[in-house]
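Below, each chain spelled out in residue letters.
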Amino acid sequence: METVYETYQKQLLDQAQHSYHKNPISEATQKAYLETPRHLFVKRFRQWKSKEWHEINKDNLEQHLAMLYADKPLALFTEDNENIPSTISQPSFVLRMLDMLQFEPGHTVFELGAGSGWNAALMGRLVGPEGAVYSLEIIPEVAQMAAKIVEQLNIKNVHIIEADGGEGYATEAPYDRAIFTAGTYDLPRHFFEQMKDNGLLLIVIKNEGGGDNLFLLRKREAYFESVESMPCRFVEMTGKYQLT
């Protein structure tokens, strides 16, 4: 018998398919999504324009499922109730981003901005046990929570690391795939150096006048080639390479 969360989960997948009907969500990404329930990665959230925080536990989970499986981003952490440095992104857009990266079993992946850990877990499913995901999170509280959830769910090939993702992660380079879940105004050169030839990098570039753009870049011998782009909206990258 289908559980309540599975009903919401499938409704959300239907919405995602409708939103991207010209580029349907792949079967591999659908399978990863259905095997990686979003609600398991959110222990505390608030809606974007709300000031009210919701703490999730086993007794009140069901009453929050509709919001947890709504096709919208949720705030995960803030220090002053105004600036929101960490979110769990809009689910349909997350699935589209995963398909853009064309994951294959055995890939090694870098992620800037772990957030809830959900995106890293989805990528872990897509690259399989022979692959690995290294997800860097600069906010200690957020990194610790994501790492705890990943450990509790026994996800062995996903590694949440408390560090400034703006430096990349040379320890496990080179990478087949890389993804930014926070926006930047420029791309530090070391990301080129840490990517394998023909590797794909998905980056959010913020525009000075407002608005963000998502770029899919492929590494060639001496440069990144832009493959695809689309408008988006993400929180700003913080740390050493943050620009105001």
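Enquirer: Sorry, what's going on with the packing of helix α1 (residues 4–19) against helix α2 (residues 27–34) here?
Expert: Packed helices, taken two at a time, are described by the angle between their axes plus the distance between the axes. Interhelical geometry of α1 versus α2 gives an angle of 155 degrees and a closest axis separation of 11 Å. Taken together, α1 and α2 sit at an angle that is classed as roughly antiparallel. The two elements α1 and α2 meet at a crossing, and its hand is right-handed. Along the contact surface, α1 presents Gln9, Lys10, Leu12, Leu13 and Gln17, while α2 presents Gln30, Tyr33 and Leu34. Its residues assigned to classes, the contact of α1 with α2 comprises four nonpolar, three polar and one charged.

Enquirer: Which parts of the structure should I look at to understand the packing of aromatic side chains?
Expert: We describe a pair of aromatic rings using the distance from one ring centre to the other and the angle between the two ring planes. Using the criterion set out here, one finds seven aromatic pairs in the structure. Here the aromatic rings of Phe110 and Tyr175 are separated by 5.7 Å at their centres, their planes lie at 55 degrees, and the arrangement is tilted. Here Phe110 is found in strand β5 (residues 108–112), whereas its partner Tyr175 is found in strand β8 (residues 175–184), with 65 residues between them in sequence. Both residues of the pair, Phe110 and Tyr175, count as buried. Ring centres 6.0 Å apart and planes at 35 degrees place the aromatic pair Tyr134 and Tyr169 in the tilted group. Taken as a pair, Tyr134 in strand β6 (residues 132–137) and Tyr169 in the loop between β7 (158–162) and β8 lie far apart in primary sequence, 35 residues in all. For Tyr134, a relative accessible area of 12% gives the class buried. Pairwise contacts between aromatic rings join Phe110, Tyr175, Phe180 and Phe191 into one cluster. One cation-aromatic arrangement involves Lys219 over Phe192; the distance from NZ or CZ to the ring centre is 4.4 Å.

Conventions and cut-offs
- Residues numbered from 1 in each chain as written.
- Predicted model: local features only at pLDDT ≥ 70, side-chain atom pairs only at ≥ 80, totals over all residues.
- Heavy atoms only, no water.
- Axes fitted to C-alpha atoms, helices over the stretch in contact; angles between N-to-C directions.
- Helix = DSSP H or I, 4+ residues; strand = E, 2+ residues; numbered from the N terminus.
- Parallel < 35°, antiparallel > 145°, perpendicular 65-115°, else oblique.
- Left-handed = near helix turned anticlockwise from the far one by under 90°.
- Contact = heavy atoms within 4.5 Å.
- Nonpolar A, V, L, I, M, F, W, Y, C, P; charged D, E, K, R; others polar.
- Phe/Tyr/Trp six-rings, centres within 6.5 Å; stacked < 30°, edge-to-face > 60°.
- Buried < 20%, exposed > 50% of the residue type's maximum accessible area, 1.4 Å probe, protein only.
- Lys NZ or Arg CZ within 6 Å of the ring centre and 35° of its normal.

Honestly, that's just the spatial picture; any functional story needs more than this.
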